[in-house]
Amino acid sequence: MRSFLYIPILLFILILGCASSGTTDAIKIAVISDIHFLDGQLTSEGTALSAYEKATGRNINDLHKVLDVVLADLCDEAPDLLLVTGDITNHGEKQSHLAFIEKLRRLHNQGIRILVIPGNHDINIPDAKTYRGSKATPTETVSKEEFAEIYAPFGYSDALKRDRTSLSYLAEVTDSVWLLCFDSNRYDEHVTTSITSGRILPETMTWALDILREAKERGIRVLGMMHHGLVEHMPYQATFFPQYLIDEWEKNADLLADAGLKVVFTGHFHANDITRRTSSAGNEIYDVETASLAQYPFAYRIMMLDDTALSIDTRFVESVPSNPDLGSLYKDKLEAITRRVAEIRLEGLGISMSQETFDMLTDVVVKLNMMHVKGDEKPELEMKKTILAFADLMESEVDPDSFVFDFPPEDNRVVIPLR
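Residues numbered from 1 in each chain as written. Predicted model: local features only at pLDDT ≥ 70, side-chain atom pairs only at ≥ 80, totals over all residues. Heavy atoms only, no water.

**What about the environment of R277?**
Item 1. Along the chain, R277 falls in strand β11 (residues 273-278).
Item 2. You can call R277 buried: its relative accessible area is 19%.
Item 3. For the pair R277 and D287, spaced ten residues apart in sequence, the C-alpha to C-alpha distance is 8.3 Å.
Item 4. Residues in contact with R277, not counting those within four places in the same chain, are V231, W249, E250, A253, D254, N283, E284 and I285.
Item 5. One polar contact links R277 to D254, side chain to side chain, over a distance of 2.8 Å. (Helix = DSSP H or I, 4+ residues; strand = E, 2+ residues; numbered from the N terminus. Buried < 20%, exposed > 50% of the residue type's maximum accessible area, 1.4 Å probe, protein only. Contact = heavy atoms within 4.5 Å. Polar contact = N/O pair within 3.5 Å; in protein donor to acceptor, adjacent residues only side chain to side chain.)

Structure (structure tokens):
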């Protein structure tokens, strides 16, 4: 009688073993974005560099150390794949591109595959500059063709397919996983400086939808990557910051979701945020936006992809050997810059308000931005009090607990289901 009890157990082991042998091994993927790398050869002590660092809140030596810390960690982590989602250079300097590639050499030689896509600060920048001595001076940038040439080992030389109208390409990650890399930039339209806004050309979208159709027929999972945001990450982002989303983002996000694209990795807004959109047909797409390595909170992602889910972990650089207080120092810098920008934009609205109301509204904008860039916005009591005080000034009633600060899901540590 006892022998019969072993039969279902043996069947369970055999079935489980067969099922396990058919699954794809997990893939470790890292993401960095918006490095804004400015090579040291293009700078020297002087008023030009001081003015640049004051205006941007960036100390070049600090940012080089941050990048070194991240790349060293990635060498230890040894991901199968590193994605770089644009704004590689400060402002398109050819020397910065070449020096950044040298930075990647150690990872590349270690066998880590690296795939890049350009951002709006990378190609055909008319006002690329060096910062030496007393005055910033022009320096050489790169063309669309040069970008694909110098980054040939990082996606372009072994692409499965290349788009004819942009620098978009398709990369094979494994036999069952593809990465669709979108070029969403407008460098062909640059005249005096770079254009912040982005779009997917109609021809590129047709090309991408054909790929997604083929992938569906062949049972291949496709992930996406682009510089600009595909989906709104905060309330009214399309109204107040439209240049950080691709043109016609709702239409394009739904097209890609309905064609089977589940996840796209983005950057551009310098915030660490993940958001989800559901098309009218009921298909979900996740926009995984990674913050900048040139600004607080200095974030990067380590992820694991398997047959059923994408598990995402976020790491933050809080200090570097030469600056143990890096995190708090740059948080203060970003807050000061955000306050300055908020005041300029509020003044530009031309709305009559008291100084008290103006200051209160500025505080709300600053606090919201500081929460958003770090991700997983959880408004503190002070923030709720500020909202209530502002509502009182505007003679309106509001429940601060009803405010939506963060679209789902979580931003820094989350598991995205893929089935």
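Next comes the rest of the description.
**Some thoughts on the packing of helix α9 (residues 326-348) against helix α10 (residues 355-374)**
Item 1. The interhelical angle for the contact between α9 and α10, taken along N-to-C directions, is 135 degrees, at an axis separation of 9 Å. The angle between α9 and α10 places the two elements in the oblique class. Handedness of the α9/α10 crossing: right-handed. Here α9 contributes K331, L334, E335, T338, R339, A342, E343, L346 and E347 to the contact with α10, which in turn contributes F358, L361, T362, D363, V365, V366, N369, M370 and V373.
Item 2. Considering only residue class, the contact of α9 with α10 consists of nine nonpolar, three polar and six charged. (Axes fitted to C-alpha atoms, helices over the stretch in contact; angles between N-to-C directions. Parallel < 35°, antiparallel > 145°, perpendicular 65-115°, else oblique. Left-handed = near helix turned anticlockwise from the far one by under 90°. Nonpolar A, V, L, I, M, F, W, Y, C, P; charged D, E, K, R; others polar.)

**So, the sheet that holds strand β1 (residues 27-32)**
Item 1. Taken together, six strands build an open sheet; the order of strands is β3-β2-β1-β13-β14-β15 and the sheet is mixed. Each edge of the open sheet is held by one strand with a lone partner, namely β3 (113-116) and β15 (414-417). The mean angle between the axes of side-by-side strands here comes to 20 degrees, regardless of whether they run parallel or antiparallel.
Item 2. Pairing between β1 and strand β2 (residues 81-84): four bridges, direction parallel. (Pairing = 2+ DSSP bridges.)

**Description of the side chain of N272**
Item 1. The topology assignment puts N272 in the loop between β10 (263-266) and β11.
Item 2. Exposure remark for N272: the relative accessible area of 0% places this residue in the buried category.

**A short note on the packing of aromatic side chains**
Item 1. Scanning the entire structure with this criterion turns up ten aromatic pairs.
Item 2. Ring centres of F37 and F100 lie 6.2 Å apart, and the angle between their planes is 55 degrees; this geometry places the pair in the tilted category. With F37 in the loop between β1 and α2 (47-56) and F100 in helix α4 (residues 94-109), this residue pair connects regions lying 63 residues apart in the sequence.
Item 3. Judged by relative accessible area, which is 4%, F37 ranks as buried.
Item 4. Here F241 and Y244 contribute two aromatic rings whose centre-to-centre distance is 6.5 Å and whose plane-to-plane angle is 70 degrees, an arrangement assigned as edge-to-face.
Item 5. Ring pairs connect the aromatic residues F147, Y151, F154, Y156 and Y169, which therefore count as one cluster. (Phe/Tyr/Trp six-rings, centres within 6.5 Å; stacked < 30°, edge-to-face > 60°.)

**A short note on the pairing of strand β5 (residues 135-138)**
Item 1. Pairing of strand β4 (residues 129-132) with β5 involves four bridges; the strand directions are antiparallel. Paired with K129 across the strands is P138, a residue of β5.

**A few points about α4**
Item 1. The first and last C-alpha atoms of α4 sit 22 Å apart over 16 residues, in line with the 22 Å expected at 1.5 Å per residue.
Item 2. The axis of α4 is deflected most strongly, by about 35 degrees, at K103.
Item 3. Within the sequence span of α4, burial applies to S96, H97, A99, F100, I101, L104 and L107.
Item 4. In this fold, the buried residues of α4 make contact with β1, α3 (60-77), β2, β3 and α5 (144-150).
Item 5. Positioned one or two residues after α4, G111 has a phi angle of 95 degrees, which is positive. (Expected span 1.5 Å × (residues − 1). Bend = angle between axes of the 7 residues up to and from the residue.)

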